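Analysis of the macromolecular model
Residue-level listing of the chains:
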Amino acid sequence: SQGGIAVLSGNLAPDGAVVKQSAIPEDMLYFRAQARVFEREEDCTDAILAGEIGDETILVIRNEGPKGGPGMREMHRITEMTSRFQRVAIVTDGRFSGMSAGIAVGYISPEACLGGPIGLVENGDWLTIDIPGRKLELEVSNEVLERRRQAFSPQLQPTDGYLNRYRQQVLPAHRGAALTELDSQ
């Protein structure tokens, strides 16, 4: 009756995020847990393989968006790895395929490398994913967020050639991650 996906917004995703709500068990449509933050997908994979992740956790994987990746690669492997947990969610500025199951919130915009709030999340912060309410919230005061914003520095993977040109030209996820023209200057 509502469609397979839902668009969420809130202070963690001011320009939106997408979740496949049809793949989420009813008892997980509202999920509140502490964040475990990773700067890229490989770091999260390593932590799972090392047994460092448990239930009641929201995995925050940032720097995987259009500019940060660059390229917004698909996070299928991480959703497979977390399927063995009962209550784990993934929140990322990267993307998921239509085959993802469980709470996998992606396409968060603005992405971390653009100074989006996902770049300000720290380990232990409380996050709320409220799919019926269409909300994605970081439970940190505005004052704390402003202090973090002042100290923020994007963590970009080094690129050159076409990937660097792509990074310079790509639009944010909420604008379709399409390419723009480079200025002639």
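It should be emphasised that the depicted structure is a prediction, and the values quoted were computed from it without experimental measurement.

Approximately 150 Å³ is the volume attributed to the second largest pocket. Along its surface, the second largest pocket is lined by 13 residues, and Arg 62, Gly 119, Leu 120, Phe 152 and Ser 153 are the ones closest to its centre. Class assignment for the residues of the lining of the second largest pocket results in five nonpolar, four polar and four charged.

Moving on to the environment of Glu 64. Following the sequence through the fold, Glu 64 ends up in the loop between strand S4 (57-61) and helix H2 (76-82). C-alpha of Glu 64 to C-alpha of Cys 113: the two residues are 49 residues apart in sequence and 9.0 Å apart in space. At 2.9 Å, the side chain of Glu 64 and the side chain of Arg 73 are in polar contact.

Attention now moves to the environment of Cys 113. Its place among the elements puts Cys 113 in the loop between strand S6 (104-106) and strand S7 (126-130). Residues Cys 113 and Asp 93, 20 residues apart in the sequence, show an inter-C-alpha distance of 9.6 Å. Not counting residues within four places of it along the chain, the set of residues in contact with Cys 113 comprises Asn 63, Lys 67, Gly 68, Pro 154 and Leu 156.

Glancing now at the pattern of salt bridges. Here the idea is simple: oppositely charged side chains can pair when their charged atoms come close. Going through the model one piece at a time under the given rule, you end up with eleven salt bridges. Two residues, Arg 148 and Asp 125, come together in a salt bridge whose shortest N-O distance is 2.6 Å. Residue Arg 148 is found in helix H3 (residues 142-151), and its partner Asp 125 is found in the loop between S6 and S7; the two are separated by 23 residues along the sequence. In this structure, Arg 148 and Asp 125 share a single accessibility class: buried. A salt bridge links Arg 149 to Glu 146, with the shortest nitrogen-to-oxygen separation between them at 3.5 Å. Note that Arg 149 and Glu 146 are positioned in helix H3 at a spacing of three residues, about one turn of the helix. What emerges from the salt-bridge pattern is a single network uniting Arg 40, Glu 42, Asp 43, Glu 64 and Arg 73.

Another point: the side chain of Gln 21. Relative to the helices and strands, Gln 21 is located in the loop between strand S2 (13-19) and strand S3 (30-38). The class for Gln 21 is buried, based on a relative accessible area of 10%. At 3.2 Å, the side chain of Gln 21 forms a polar contact with the side chain of Arg 134. Those residues in contact with Gln 21, other than ones at most four positions away along the chain, are Gln 2, Gly 3, Gly 4, Ile 5, Ala 6, Leu 29, Ile 131 and Arg 134.

Analysis parameters
Residues numbered from 1 in each chain as written. Predicted model: local features only at pLDDT ≥ 70, side-chain atom pairs only at ≥ 80, totals over all residues. Heavy atoms only, no water. 1 Å grid on protein atoms, 1.4 Å probe; cavity = no way out; pocket = protein on both sides within 12 Å on 5 of 7 lines; lining within 4 Å. Points joined across faces, edges and corners; volume = space filled by probe spheres on them. Nonpolar A, V, L, I, M, F, W, Y, C, P; charged D, E, K, R; others polar. Helix = DSSP H or I, 4+ residues; strand = E, 2+ residues; numbered from the N terminus. Polar contact = N/O pair within 3.5 Å; in protein donor to acceptor, adjacent residues only side chain to side chain. Contact = heavy atoms within 4.5 Å. Salt bridge = Lys/Arg side-chain N within 4 Å of Asp/Glu carboxyl O. Buried < 20%, exposed > 50% of the residue type's maximum accessible area, 1.4 Å probe, protein only.

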